[in-house]
Amino acid sequence: MPQTPDFPLAILGTGFAGLGLAIRLKQQGEQDFVVLERSTDVGGTWRDNTYPGCQCDIPSHLYSFSFAPNPDWSRLFPTQPELWKYLRGCADRYGVRPHIRFGHEVRAADWDEAHGFWRVTTSQGEITARVLVSGQGGLSEPQLPNIPGIESFEGAMFHSARWDHDHDLEGKKVAVIGTGASSIQFIPKIQPEVGSLTLFQRTPPWIMPHPDRPVKRWEKRLFRRFPVTQKLFRAGIYSFFESRVFPFTKKPDLMKAGEKIALRHMAKAIPDDPALRAKLTPGYRMGCKRILMSETYYQALAQPNADVVTEAITEIGPDHVVTADGARHEVDTIILGTGFYVADMPFTEWVRGRDGKSMAEVFDGSPQAYLGTTVAGFPNLFLLTGPNTGLGHNSIVYILESQFNYVLDALRQMRARRIGVLEVKPEPQRKFNEEVQKAMKDTVWTTGGCASWYIDRNGLNTTLWPGWTWDFRRRTRRFDPAPYVLSPAPVGEPERERVAA
Ligand code: NAP
């Protein structure tokens, strides 16, 4: 008798990815799946990032599930507390919570070739599942900088994604390392309360005006009464963002128009300090790194208690930071806005495929998947927001919903055709990635003259989708089995073990 897995399907994580797929399954009436979550609540990045000022830079009505609309967003751009509330509400509204095993940190996932299922080792024991879907996003593991002496620091030190709310910043001498999307949001919030703020900047970001505002009462009423108006609003925002794909991927020179707006924005905020403006002026094409938006960042840095240091950090001591010019900056708190492990995602270390190799070994620094979703050598595994599915110009939720369609259709076909194991063939995967890298050549991420976390250690952009998002939607609308090796389900396996679809 074949051994029966505990579950037809296991989903890892309850961020937008894992939770969204679970909701789609529930909407289809599926009951037989499990969701593993290391924390005690749902929400992923929007649960973990609680730093002051944390807000999404994609509008609320687009950065939410199309199949779980919320007419009551309070602002055009959602803040972290409201996004987290939305996700928790979705988990309740669609009855997903009974499927979630909280406090289950996944430590390993090994493909069991003999039985044709995954053995998932969690902090609370093993579970087996025919199909595994990873909802581990690229922005879940904080990256700590490898600066000599950092471990000798005796003050408080924390990463923006693990904010220490018990640490009172009032009057403190605070160092901030990093000037990415997270730092530019929390710096204006903490600057008024700290004694001094020393910002260690390696590369200045391009910063545009922020069009955020509260959603008006009549707008909410309209969305609630006539849901089609919310759909149209969403479609309008999507189309506006999608129109930016051309300058990003084909004609980066068009970004010069945006650069002019950003420089004017900075000049208006810092009218009488040309030296500070010079430090904050980027030397690369706009879009090469994520374009940021703020109405308060520049103003905060222009205050008397703020200082921007552009010399590289060479060492950290018990109560100070030393820079390349030999200067010693006394600090009692260090906040790391240094980003996340993206290309070298830790979960790839513990997923082992058909030949026992870890995904990290197979990727060898350059993650590659077919349609950003399936990987040769890793049967019955789907990656949500896998390689080359990130976006520089639109909402990741749109990509995720495309992947949900693909995964759900694959599961449906597995059941209908009694397929036990499916695995993408190496050749279609290679061809797909060749196409992606060819499209990457003219993009601003390749030609823009910056170093960014989009680029992996082999010099390839294995993070972003270099084209129209509707093209990704079209390619993932259905699961085409042609590029896959399909094996039948074990004979005698009862119907329950067919994968939910
Ligand atoms: P990030 O964009 O990766 O920025 C990290 C910053 O730390 C960069 O300025 C980087 O400098 C600097 N850095 C890293 N290591 C350093 C070192 N050893 N010494 C000095 N500086 C160092 O990280 P993030 O700000 O946390 O944002 C990550 C991503 O999260 C964003 O791009 C975005 O996709 C997402 N995010 C989104 C929102 C939103 O509004 N939706 C908000 C926050 C975050 P270099 O630039 O020189 O590398």
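What you are looking at is a predicted structure, and each value in this text was computed from that prediction instead of being measured.

## Points about helix α6 (residues 227-242)
For the α-helix, the turn length of 3.6 residues means that residues three or four positions removed from each other point alike.
Reasoning step 1: The end-to-end C-alpha distance of α6 is 23 Å, a good match for the 22 Å that 16 residues give at a rise of 1.5 Å each.
Reasoning step 2: Within α6 the residues assigned to the buried category are Thr229, Gln230, Arg234, Ile237, Tyr238, Phe241 and Glu242.
Reasoning step 3: Its buried side turned inward, α6 meets α5 (217-225), α7 (245-249), α13 (396-416) and α16 (469-475).

## What about the sheet that holds strand β13 (residues 313-316)?
Where strands meet in a sheet, backbone hydrogen bonds hold them as pairs that are either parallel or antiparallel.
Reasoning step 1: Spatially, 3 strands are ordered β13-β14-β15 in an open sheet, and the strand pairing comes out antiparallel. The open sheet has two free edges, formed respectively by β13 and β15 (328-330), since each of these has just one partner strand. The mean angle between the axes of side-by-side strands here comes to 25°, regardless of whether they run parallel or antiparallel.
Reasoning step 2: Across 3 bridges, strand β14 (residues 320-323) lies against β15 in antiparallel orientation. What sits directly across from His320, in β15, is Glu330.

## Quick notes on the site of the ligand
Reasoning step 1: Near the ligand you find 22 residues, and of these Gln55, Ala181, Ser182, Thr203 and Lys289 are the closest.
Reasoning step 2: In this structure, an oxygen atom belonging to the ligand sits 2.9 Å away from a main-chain N or O atom of Asp57.
Reasoning step 3: Residue Arg202 places a side-chain N or O atom 2.9 Å away from an oxygen atom belonging to the ligand.
Reasoning step 4: With 3 residues, helix α4 (residues 181-190) is the single largest residue contributor to the shell around the ligand.

## Some words on the packing of α5 against α6
Reasoning step 1: The N-to-C vectors of α5 and α6 enclose an angle of 110°; their axes lie 4 Å apart at closest approach. Here α5 is positioned roughly perpendicular relative to α6, judged by the angle of their axes. Listed contacts from α6 to Leu222, Phe223, Arg224 and Arg225 of α5 are Pro227, Thr229, Gln230 and Phe233.
Reasoning step 2: Each residue belonging to the contact of α5 with α6 can be placed in one class, and the counts come to 4 nonpolar, 2 polar and 2 charged.

## Some details on helix α3 (residues 80-93)
Reasoning step 1: Between its first and last C-alpha, α3 extends 20 Å over 14 residues, near the 20 Å set by a 1.5 Å rise per residue.
Reasoning step 2: The inward-facing, buried residues of α3 abut α1 (16-27) and α2 (45-48).

Conventions we followed
Residues numbered from 1 in each chain as written. Predicted model: local features only at pLDDT ≥ 70, side-chain atom pairs only at ≥ 80, totals over all residues. Heavy atoms only, no water. Helix = DSSP H or I, 4+ residues; strand = E, 2+ residues; numbered from the N terminus. Expected span 1.5 Å × (residues − 1). Buried < 20%, exposed > 50% of the residue type's maximum accessible area, 1.4 Å probe, protein only. Contact = heavy atoms within 4.5 Å. Pairing = 2+ DSSP bridges. Axes fitted to C-alpha atoms, helices over the stretch in contact; angles between N-to-C directions. Near = heavy atom within 4 Å. Polar contact = N/O pair within 3.5 Å; in protein donor to acceptor, adjacent residues only side chain to side chain. Parallel < 35°, antiparallel > 145°, perpendicular 65-115°, else oblique. Nonpolar A, V, L, I, M, F, W, Y, C, P; charged D, E, K, R; others polar.

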